[in-house]
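# Descriptive analysis of the structure
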Amino acid sequence: MSFNPKSPGTVDLLLRRRSAKARRLCEPGPSEQELTQILQAGMRVPDHGKLTPWQFLVVRGEAQTKLGQVIYDAYAEETDDAGSEKHQSWRAYPAQAPLLIITISRPSEARPIPKWEQRLSAGAACQNMILAATAIGYLANWLTGWPAYSPGVRAALELEADDRIAGFLFIGSYKEKLKERPRPDFDDVVKFL
Ligand SMILES: Cc1cc2nc3c(=O)[nH]c(=O)nc-3n(C[C@H](O)[C@H](O)[C@H](O)COP(=O)(O)O)c2cc1C
């Protein structure tokens, strides 16, 4: 079957898409085949110089529990807030939805492409995965928060010095009605030169 990129339904998705709150996402999560599609959509993003400046870590089941412990321990180690309610809540952070994909921005030096552009490509990967998940019938939430900047979490994920966590992408089913969120005023954002 030939591919026809003309797709009014996609424009509708782009104009109406919403995130769900990660903690309200529930089972079922994507099947293996759907997960592969979501990841492939993440790889099909603008990438100046063909550098593939991103990696995707799939975190499900036991790996979510383990990462929760890593975040919990790192928070105790790196803050003065050990024992607080917030500290407790970080343990459940990675498991709040059926599926977590962590997008790592990993710039390459193989070509003289500005790092900024390579970081943007990682952002595009995040958004493509969210859109793919949404188009399949799930909802998603792109979060960062404290764990994205923790040296302990970075070490446990075996990140390299220049790696950045571009996003924790939580994906799952959503059974509630989504409320609209205020959007910027068109004229505040757009200037016709
Ligand atoms: C890089 C990045 C990090 C984000 N981190 C958080 C976060 O930690 N917590 C949060 O509530 N929203 C965060 N957001 C915003 C949500 O992903 C989402 O955009 C927001 O809830 C609005 O929903 P919408 O996607 O329907 O506009 C982040 C967005 C981006 C692009």
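Residues numbered from 1 in each chain as written. Predicted model: local features only at pLDDT ≥ 70, side-chain atom pairs only at ≥ 80, totals over all residues. Heavy atoms only, no water.

Scanning the protein chain from terminus to terminus reveals seven helices and four strands. Its C-alpha atoms give the protein chain a radius of gyration of 18 Å, near enough to 16 Å, the size a compact globule of 193 residues would have. Dimensions of the protein chain along its principal axes, counting C-alpha atoms only, are 50 × 45 × 40 Å. The proportion of buried residues among the 193 residues of the protein chain is 40%. Sequence separation of 24 or more characterises 80% of the internal contacts of the protein chain that already satisfy a separation of 6 or more. Summing over all exposed atoms, the protein chain offers an accessible surface of approximately 12,100 Å²; the carbon and sulfur share of this is 54%. With 25 positive and 23 negative side-chain charges, the protein chain shows a spacing of 6 Å between the two charge centroids. (Helix = DSSP H or I, 4+ residues; strand = E, 2+ residues; numbered from the N terminus. Rg over C-alpha atoms; globule rule 2.2 N^0.38 Å. Buried < 20%, exposed > 50% of the residue type's maximum accessible area, 1.4 Å probe, protein only. Contact = heavy atoms within 4.5 Å. Areas by Shrake-Rupley, 256 points an atom, 1.4 Å probe, with all protein chains shown as cover. Lys, Arg positive; Asp, Glu negative; His and termini not counted. Charge placed at Lys NZ, Arg CZ, Asp CG, Glu CD.)

With that settled, the discussion passes to the site of the ligand. The local shell around the ligand consists of Arg-17, Arg-18, Ser-19, Asn-141, Trp-142, Leu-143, Thr-144, Gly-145, Ala-166, Arg-181 and Arg-183. Residue Arg-18 places a side-chain N or O atom 2.8 Å away from an oxygen atom belonging to the ligand. In the model, a nitrogen atom of the ligand is placed 3.2 Å from a nitrogen or oxygen of the Thr-144 side chain. For the ligand, whose unbound accessible area comes to 620 Å², protein coverage reaches 60%. With three residues, the single largest contributor to the shell around the ligand is strand S3 (residues 139-143). The residue inventory of the shell around the ligand, partitioned by class, reads three nonpolar, four polar and four charged. (Near = heavy atom within 4 Å. Polar contact = N/O pair within 3.5 Å; in protein donor to acceptor, adjacent residues only side chain to side chain. Nonpolar A, V, L, I, M, F, W, Y, C, P; charged D, E, K, R; others polar.)

Further remarks concern the layout of surface pockets. Computed from the structure, the largest pocket encloses a volume of approximately 310 Å³. Considering the residues around the largest pocket, the lining is formed by 14 residues, among which Arg-18, Ser-19, Ala-20, Lys-21 and Leu-178 are closest to the centre. In terms of residue class, the lining of the largest pocket is built from three nonpolar, two polar and nine charged. (1 Å grid on protein atoms, 1.4 Å probe; cavity = no way out; pocket = protein on both sides within 12 Å on 5 of 7 lines; lining within 4 Å. Points joined across faces, edges and corners; volume = space filled by probe spheres on them.)

This part is about helix H3 (residues 62-78). Count 3.6 residues to each turn of an α-helix, and residues three or four apart come out pointing the same way. The terminal C-alpha atoms of H3 lie 24 Å apart, and with 17 residues this matches the ideal 24 Å at 1.5 Å per residue to within 8%. Along H3, the positions that sit buried rather than exposed are Gln-64, Leu-67, Gly-68, Ile-71, Tyr-72, Ala-74 and Tyr-75. For H3, the angular spread of buried residues about the axis comes to 165°, placing them on one side. Exposed residues on H3 whose side chains face more than 90 degrees from its buried face are Glu-62, Thr-65, Lys-66 and Glu-77. Each element contacted by the buried residues of H3 is listed here: strand S1 (54-59), helix H4 (85-91), strand S2 (99-105) and helix H6 (151-156). (Expected span 1.5 Å × (residues − 1). Arc of directions from axis to C-beta.)

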